[in-house]
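Below, each chain spelled out in residue letters.
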4 protein chains.
Amino acid sequence: MASLSSLNSICIDRSCCVKYRDGVKNSMVKKLYVRSSLAKSATQNSQFEEIKAQKSEKFRIGVLGASGYTGSEIIRLLAGHPNYQITLMTADRKAGQSIGSVFPHLVKQELPDLVAVKDADFANVDAVFCCLPHGTTQEIVKGLPSNLKIVDLSADFRLHDVGEYEEWYGQPHGAQELQKEAVYGLTEISRPEIQSARLVANPGCYPTSIQLPLIPLIKANLIEVKNIIIDSKSGVSGAGRGAKEANLYTEIAEGIHSYGVTRHRHVPEIEQGLSKAANSKVTVSFTPHLMPMSRGMQSTIYVEMASGASTEDLYQHLRQFYENEEFVVLLNKNEVPHTRHVRGSNYCLINIFPDRIPRRAIIISVIDNLVKGASGQALQNLNLMMGIPETTGLVSVPLFP
Amino acid sequence: MASLSSLNSICIDRSCCVKYRDGVKNSMVKKLYVRSSLAKSATQNSQFEEIKAQKSEKFRIGVLGASGYTGSEIIRLLAGHPNYQITLMTADRKAGQSIGSVFPHLVKQELPDLVAVKDADFANVDAVFCCLPHGTTQEIVKGLPSNLKIVDLSADFRLHDVGEYEEWYGQPHGAQELQKEAVYGLTEISRPEIQSARLVANPGCYPTSIQLPLIPLIKANLIEVKNIIIDSKSGVSGAGRGAKEANLYTEIAEGIHSYGVTRHRHVPEIEQGLSKAANSKVTVSFTPHLMPMSRGMQSTIYVEMASGASTEDLYQHLRQFYENEEFVVLLNKNEVPHTRHVRGSNYCLINIFPDRIPRRAIIISVIDNLVKGASGQALQNLNLMMGIPETTGLVSVPLFP
Amino acid sequence: MASLSSLNSICIDRSCCVKYRDGVKNSMVKKLYVRSSLAKSATQNSQFEEIKAQKSEKFRIGVLGASGYTGSEIIRLLAGHPNYQITLMTADRKAGQSIGSVFPHLVKQELPDLVAVKDADFANVDAVFCCLPHGTTQEIVKGLPSNLKIVDLSADFRLHDVGEYEEWYGQPHGAQELQKEAVYGLTEISRPEIQSARLVANPGCYPTSIQLPLIPLIKANLIEVKNIIIDSKSGVSGAGRGAKEANLYTEIAEGIHSYGVTRHRHVPEIEQGLSKAANSKVTVSFTPHLMPMSRGMQSTIYVEMASGASTEDLYQHLRQFYENEEFVVLLNKNEVPHTRHVRGSNYCLINIFPDRIPRRAIIISVIDNLVKGASGQALQNLNLMMGIPETTGLVSVPLFP
Amino acid sequence: MASLSSLNSICIDRSCCVKYRDGVKNSMVKKLYVRSSLAKSATQNSQFEEIKAQKSEKFRIGVLGASGYTGSEIIRLLAGHPNYQITLMTADRKAGQSIGSVFPHLVKQELPDLVAVKDADFANVDAVFCCLPHGTTQEIVKGLPSNLKIVDLSADFRLHDVGEYEEWYGQPHGAQELQKEAVYGLTEISRPEIQSARLVANPGCYPTSIQLPLIPLIKANLIEVKNIIIDSKSGVSGAGRGAKEANLYTEIAEGIHSYGVTRHRHVPEIEQGLSKAANSKVTVSFTPHLMPMSRGMQSTIYVEMASGASTEDLYQHLRQFYENEEFVVLLNKNEVPHTRHVRGSNYCLINIFPDRIPRRAIIISVIDNLVKGASGQALQNLNLMMGIPETTGLVSVPLFP
């Protein structure tokens, strides 16, 4: 992979190549990847050479922080992807282990063993997904080769204002130059900037579920930006795989509670996006709730409509705005979005309801927090950055029940 | 039990009697009730006579609709109650069965078999809990002997305005004379009226969780009554034990969804209570959500504070208002109420948080929908009506985890 | 599609065609199917013609009983399948509705509306999945055109002995001639027969999880066939989508219970398979348990080893037996299969452990009851019957967490 | 409390006192304890003196390790107990905190703050529940004043053979003298020894659910002791409140898995009990499973009946054996025990089913692992040790749903 500047055009060419070749070879490649133990026929050698050739035609992907839930979700989504192959996976505390020992549901994947990030060799990597904890990411991203495309799933590059970062995260921003370059990756809203970005700050799960419906409505002046009340409900995987008493089965099952009331770190990210859309400072009321589901997120958003606007106006505007989008879907009127109907998928279902209080409307949006709220949108962004059709590897049917 | 008019004074006398006798005999009674199969000793006959004597000193209770969750919860709560004994239980479709065959967790309770309501003999009953479906209750209550004390857990007598009942329930009110007599049983708010009531309309679960924090604040003019936004989350037992596809495990587990958006039948009940407190018509935004827990309910309430009021004012007012109450508890500042911390108990935990939006506050209240939201509050009300200490049979520790 | 007798060879040819064409056109087809609303470019018309051409090259599939969980799972699995398109879906009680209104997670699928089975037109169908209730299937299958390939997911054709069917199902077998033709579709065990079958009786979920490990061990005389003790645990989706009190969330959450002890209808199916492998009548102890998970099944099987055999022998034999199989995986030693690690996938994970009691071994096998235990194995079978690579459409990564 | 030797007779006397006084004063005491903030009337002082007097009449209880689930369950069970008051609670890592901050569901309990065990003052304690982790308990118990009655909920004193302890726990037994004195507290089996014990080793949850049905059957020679196969399923609270990745909600929900196959530390405890009953060394097959429920445990036990015995014999023997017991209940024939029907209670439900395999039977037993499997049985034992009626504080109705 030559120089960074020429990457996009190359991507497109490669994408085409791959596309035309796919029919003949792709299924074989996949098969051999997944079932290499079966490859014992006389034709093995020639097939392996073919694979090797093909391998070099796929983009080589690194997953930094592969032992967490967003990391394993990236791996799941890439398993069937025709244009990517994972060549590097890091996990400091699990270095030396196979991914199957850390995530037994990935036992059938043929993947390199985990290495510590300090031992990672980026020579064979075209792009990385950064799934590291907030706070440690800035230093690591700063040290990456400059030709790498990067999608960062942490919060470390989401806030344009480094002062705001320091305020909410309690430490100075460690990569202020890079911050200027970072593009906020809410795909449907910032597609052109993402396409030409090198470093994408992947949005948080709450901000994704909230901004997708609100930004178009704010831009169209259909809702007031004061008194936006957001009541969000999240599954537990958003809290990660770290061992915490508060996230034990026994502490979560059969109950619900609010947390981080008014102080959740996704607040500045939400307000940044809405403020930009409004061209004025927006302050929201945001209360997240933790509830017994592994995946899923609903935001119930209570808004005051602009003078003269009706819920029908809001509905029609959003429906039209997302008409050509695969992943953001306005349901038919009166149909209520359920988190369980997007489980495991990259979809965001939205609907709008009239409120009993005149001039108010209720907006409901649901996503899978690990897919559209994290790894799915990250892949959607990398597809764009690499010049691959945006939906590649993402059009799967939700898993229900 | 002589005439209705003299019931209260008698109750009080009896209550005293029972109280003094309790120490000596009550544990024996209980033991014999629960373990009658053990009663084989030579002293059996004399003991039974003693029991018989004692029995006649306990109020005799009927449970109409004993095969649903609120009915079985009444039975659970009465199991250890020193002043009541259940002498009648009805369940039309399960008539002839034992309660242990319908609810195996009650297998150790010595109780009469279920009968159809049409075959019920009210001669041996002092008071009834009505746990029947909405709509059928009015006719049945109308037919009850006039000396019975009645706590009705359905919605049939909650709305003072029979026109409003017809509007929301799609049928004319079937007992309009009785409606005038019915007292709305939000215990901590209407204690005096409940004490002298014959027919109490037990509040709905959502209205209980919402009115307990809001009514005192409205009465004290600490919050604006416009733009009250209520986002409630409920466990599934509130939907009853009826076999519905929508409430199957597979349809509920691992997900959340809103339902009855702006059209839930608890809306008029909530607005009736708040309007009365405000002395003006109040219209609220109310969105309930169904989530995977069997018991529990949280209402997250977003309010605009009155001019000059602070969250501290709201907190102190509520704390003071409920200072002497056993069951309504203002948590210490910053402590977040969890539904799982009231599971199986009659407690309502409340706290108040400042909002990011100036002049707004966030109120969180949690209850067990089957206890304080139904059968527990019903028992609390009957205790009052019978002149028994209000908390009798209700001070149990929540079950966690 | 000419005559039934020539179907297999045609299938193979078609399969090849499709395979070679896939690279160029398949992703486009898919895209247009799923996102037809986007198809507004100038090239639309020519593309549609292309699709039309391609459509006719795909096998046309009917799903009988599309409103249940196995039906919707078939639809999910076929959504990305390169060789099949669904042209018919029946659901008697939901006739006239769209699949998205019955299963909102399928809202993005472009599919025909549901029709009553009596109104179904089989002229445009090459193969059907029969997802109808036990007992009604025999009549319906009897009435299907004889050129259709059929995979029946009910129990109606699983028992070779029609007398046994009558004994366990309480009614005479309604299609005894067809029964003789039916092939029992435990894919890895009966692949050749399935390849040439017209009617496949898809195995039950319990029998699949039990026979996959036991049949090879019995055939190799490594275990005794007396005293096989099977303790199985199932998710609730196996009970279907019918509205039953026993399957309500409130009745299932946070608990476990045995059911159908020694009398579960999967017993004769299990014993039939094991007896055939043993060449002698085998009677097993089989106790299923219902537990709070939507998908998943574990069978813990306690066996006595044959004289001279060790757990190592059992392990090595199974490992070797399934070495070339994609979907049946012997884990590394000491690794414990978890149901959650196969969720949403067609995999069966197996491992073998020594017992404390000498000469005994413990076999654990896990599947997703809706995939390998139903719709996934059904698709695996149809792939075989149609001459398509067996794993097509089935190699997806389990969804965890 | 004078000397240890006279404790039992004293206990009985006190018990009587308390019993006779209870009726008059106990409810008041309770009320004042729980609602002391309300005690503002003029009569306050005199009441407090009365309480003080009464307090000294209750046994003073210490809970060592009050920040875990068994500790909090002890506190829950003691909350309404007429004969005990908690005067000491330890929790090393939470020393200085209130119990309400560690377990918010206990916020209404008036209890002393937590102290480190090294700072505990045992002068005001008559008996302790030891809820400390395995391995650390022996040293601590050794250091307790010799006049204290002790119920130890850890595994540290359960194995009579200290060599076996070392084998399974990997460290030498640290209190071998005390071990000789310790009585194994399976209440219904060893009541007389428990009554006169100073140190009771409270049984593990699995061993309780298994030994209650098996010991009487073995003693009566109704079952063979070879080839006893035990398949147990447990809720997650048995794993404690420690923060472990494996017990996170996301790792437990919607799945099941075996663990500790043949190597679970409860094995020697089970075999010790069964061997004693059989008067010969018994080796069992024991496979525990972890599943998504907070409380509850089922053991499904597969046994070979003794020559000439029938399932009816087994059933009748157990029914008769437990006829006079409050907490061990043989269900009616064909009724299947469910864990959810004992939730929060001290009951053990048992039933026996014929197996398909001739001469075999299936025994199912369910308990709440935190109650009869831990803190409930511990209280039952202490009641016995203190001469209080055994069921005091334990006869509560299970919480369902």
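What counts, and where the lines are drawn
Residues numbered from 1 in each chain as written. Chains lettered and ligands numbered in written order. Predicted model: local features only at pLDDT ≥ 70, side-chain atom pairs only at ≥ 80, totals over all residues. Helix = DSSP H or I, 4+ residues; strand = E, 2+ residues; numbered from the N terminus. Buried ≥ 20, exposed ≤ 12 C-beta atoms within 10 Å, placed from the backbone. Contact = placed C-beta atoms within 7 Å. Expected span 1.5 Å × (residues − 1). Least-squares fit on C-alpha atoms with pLDDT ≥ 70 in both. Pairing = 2+ DSSP bridges. Axes fitted to C-alpha atoms, helices over the stretch in contact; angles between N-to-C directions. Parallel < 35°, antiparallel > 145°, perpendicular 65-115°, else oblique. Nonpolar A, V, L, I, M, F, W, Y, C, P; charged D, E, K, R; others polar. UniProt positions renumbered as here; feature names shortened; annotations may be inferred. Domains from an automatic or database assignment. pLDDT = per-residue confidence, 0-100. Left-handed = near helix turned anticlockwise from the far one by under 90°. Right-handed = clockwise from strand over helix to strand, strands pointing away.

## Structural notes on the overall build of chain A
In terms of regular secondary structure, chain A is built from 13 helices and 13 strands. Residues classed as buried in chain A amount to 57% of the 401 residues present. Looking at chain A alone, contacts between residues at least 24 apart form 70% of all its contacts between residues at least 6 apart.

## A few points about unusual backbone geometry
Phi is mostly negative for residues that are not glycine, and the peptide bonds are mostly trans. The linkage connecting Phe400(A) with the following residue, Pro401(A), adopts the cis geometry, with an omega of 0 degrees. Here Pro401(A) is to be found in the segment after helix 13 (371-386). A positive phi is found at Glu254(B), a non-glycine position, where the angle reads about 55 degrees. Among the secondary structure elements, Glu254(B) is positioned in the loop between helix 10 (249-252) and strand 8 (257-258). For Asn279(B), which is not glycine, the phi dihedral falls at a positive 55 degrees.

## Some remarks on helix 11 (residues 267-278) of chain C
Given a rise of 1.5 Å per residue, 12 residues ought to cover 16 Å, and the 16 Å separating the end C-alpha atoms of helix 11 of chain C matches this to within 8%. For helix 11 of chain C, every residue scored as buried is listed here: Val267(C), Pro268(C), Glu269(C), Ile270(C), Glu271(C), Gln272(C), Gly273(C) and Leu274(C).

## Some thoughts on the relation of the copies chain A and chain B
You can overlay chain A on chain B at an RMSD of 0.0 Å; the transform is a turn of 180 degrees with a shift of 0.0 Å along its axis. Here the transformation between the copies is reduced to the relation of a two-fold axis. A shared interface surface links the copies, since 100% of the contact residues of chain A are contact residues in chain B too.

## Side note on the sheet that holds strand 2 (residues 84-90) of chain A
Residues and elements named next belong to chain A. Read from one edge to the other, the open sheet built from 6 strands follows the order 2-1-3-4-6-5, with strand pairing classed as parallel. Only two strands of the sheet have a single neighbouring strand rather than two, namely strand 2 and strand 5 (183-184). Pairing of strand 1 (residues 59-64) with strand 3 (residues 127-130), which is carried by 4 bridges, proceeds in the parallel orientation. In the sheet register, Leu 64 faces strand 3, and the bridge partner there is Cys 130. Together, strand 1, strand 2 and strand 3 form the strand contacts of helix 3 (residues 69-78), whose direction differs from that of strand 1 by roughly 160 degrees.

## Some thoughts on the sheet that holds strand 4 (residues 149-152) of chain D
Residue and element names in this part refer to chain D. Judged by pairing direction, the sheet is parallel, and its 6 strands sit side by side in the order 2-1-3-4-6-5 without closing on themselves. In this open sheet, the two edge strands, each paired with only one partner strand, are strand 2 (84-90) and strand 5 (183-184). Packed onto the sheet, helix 3 (residues 69-78) meets strand 1 (59-64), strand 2 and strand 3 (127-130) and runs at close to 160 degrees relative to strand 1. The sheet strands contacting helix 13 (residues 371-386) are strand 1, strand 3, strand 4 and strand 6 (199-201), and the helix crosses strand 4 at an angle near 160 degrees.

## Quick word on the packing of helix 9 (residues 205-219) of chain C against helix 13 (residues 371-386) of chain C
Residues and elements named next belong to chain C. At a minimum axis separation of 8 Å, helix 9 and helix 13 run at an interaxial angle of 95 degrees. Judged on the interaxial angle alone, helix 13 and helix 9 are roughly perpendicular. Seen from helix 9, the contacting residues are Cys 205, Thr 208 and Ser 209; seen from helix 13, they are Lys 372, Gly 373, Ala 374 and Gln 377. A per-class count over the contact of helix 9 with helix 13 returns 2 nonpolar, 4 polar and 1 charged.

## Notes on the UniProt feature "domain: Semialdehyde dehydrogenase NAD-binding" (unreviewed entry) in chain A
Per the UniProt record, the feature "domain: Semialdehyde dehydrogenase NAD-binding" (unreviewed entry) sits at residues 60-197 of chain A. Helix makes up 28% of residues 60-197 of chain A and strand 16%. Its end C-alpha atoms lie 18 Å apart.

## Notes on the domain arrangement of chain A
Residues and elements named next belong to chain A. In terms of domains, chain A is made up of domain 1 (4-202 + 374-386) and domain 2 (206-373). Counting from both sides, the interface comprises 18 residues of domain 1 and, opposite them, 21 residues of domain 2. When residues of the side of domain 1 that touches domain 2 are assigned to their parent elements, the largest contribution, 5 residues, is made by helix 13. Considering only residue class, the side of domain 1 that touches domain 2 consists of 7 nonpolar, 7 polar and 4 charged.

## Details of the UniProt feature "active site" (unreviewed entry) in chain A
Residue and element names in this part refer to chain A. In the numbering used here, UniProt assigns the feature "active site" (unreviewed entry) to Cys 205. Turning to its location among the elements, Cys 205 is positioned in helix 9 (residues 205-219). Cys 205 sits in the buried class, given 28 other C-beta atoms within 10 Å. Discounting residues that sit within four places of it in the chain, Cys 205 has contacts with Ser 234, Gly 238, Met 297, Ile 367, Asn 369, Gly 373 and Ala 374.

## Let's talk about the confidence of the model for chain A
Residues and elements named next belong to chain A. Looking at chain A as a whole, the pLDDT averages 88, with 86% of positions reaching at least 70. Contacts of residues 1-53 to residues separated by more than four positions or lying in other chains number 52 contacts, the stretch itself having pLDDT below 50. ipTM for the predicted complex: 0.87, alongside a pTM of 0.89.

## Topic: the interface of chain A and chain B
Across the contact, 40 residues belong to chain A and 40 residues belong to chain B. Sorting the residues of the side of chain A that touches chain B by element identifies strand 7 (229-234), helix 10 (249-252), strand 8 (257-258), strand 9 (285-290), strand 10 (297-304), strand 12 (348-354) and strand 13 (360-367) of chain A as the ones contributing at least two each.

## Section: the environment of Ala120(D)
Residue and element names in this part refer to chain D. As for its placement among the helices and strands, Ala 120 is situated in the loop between helix 4 (99-102) and strand 3. On the basis of neighbour count, Ala 120 is assigned to the partly exposed category, with 19 C-beta atoms found within 10 Å. Expressed as a C-alpha distance, the spacing of Ala 120 and Met 89, which sit 31 residues apart in the sequence, is 8.1 Å.

## Some words on the packing of helix 3 of chain A against helix 13 of chain A
Residues and elements named next belong to chain A. The interhelical angle for the contact between helix 3 and helix 13, taken along N-to-C directions, is 50 degrees, at an axis separation of 9 Å. Here helix 13 runs oblique to helix 3, going by the angle between their axes. Of the two elements, helix 3 crosses helix 13, and the hand of that crossing is right-handed. Seen from helix 3, the contacting residues are Thr 70, Glu 73, Ile 74 and Leu 77; seen from helix 13, they are Val 371, Ala 374, Ser 375, Gly 376, Ala 378 and Leu 379. Considering only residue class, the contact of helix 3 with helix 13 consists of 6 nonpolar, 3 polar and 1 charged.

## Quick word on helix 9 of chain A
Along an α-helix, a turn takes 3.6 residues, which lines up residues three or four apart on a common side. All names here are of chain A. A rise of 1.5 Å per residue sets the reference length of helix 9, with its 15 residues, at 21 Å; its end C-alpha atoms lie 21 Å apart and thus fit the reference within 8%. The element helix 9 is extensively covered by neighbouring structure, given that 14 of its 15 residues are classed as buried. Following helix 9 by one or two positions, Asn 221 has its phi on the positive side, about 55 degrees.

## What about the pairing of strand 1 of chain D?
Residues and elements named next belong to chain D. With 5 of 6 residues buried, strand 1 is to be regarded as a mostly interior element. Pairing geometry for strand 1 and strand 2, over 6 bridges, is parallel. The partner of Ile 61 across the bridge, within strand 2, is Ile 86. Following the backbone out of strand 1, through helix 3 and into the adjacent parallel strand 2, one traces a crossover that is right-handed.

## Overview of the environment of Ile140(A)
Residues and elements named next belong to chain A. The residue Ile 140 is located in helix 5 (residues 137-142) in this model. By the C-beta count within 10 Å, which is 22 here, Ile 140 ends up buried. The spatial distance from the C-alpha of Ile 140 to the C-alpha of Gly 174 is 9.8 Å, given a sequence separation of 34 residues. Those residues within four positions of Ile 140 in sequence are excluded, and the remaining contacts are Leu 64, Val 117 and Leu 132.

## Regarding the pairing of strand 9 of chain A
Residue and element names in this part refer to chain A. Within strand 9, 6 of the 6 residues are buried, which leaves the element mostly enclosed by the surrounding structure. Alternating residues of strand 9 divide into Ser 285, Thr 287 and His 289 and Phe 286, Pro 288 and Leu 290, and every residue in both groups is buried. Summarising the sheet, strand 7 and strand 9 pair through 6 bridges and their orientation is parallel. In the sheet register, Ile 230 faces strand 9, and the bridge partner there is Phe 286. In this sheet, strand 9 lies alongside strand 8 in antiparallel orientation, the contact comprising 2 bridges. Residue pairing for strand 9: Ser 258 is matched across the bridge by His 289.

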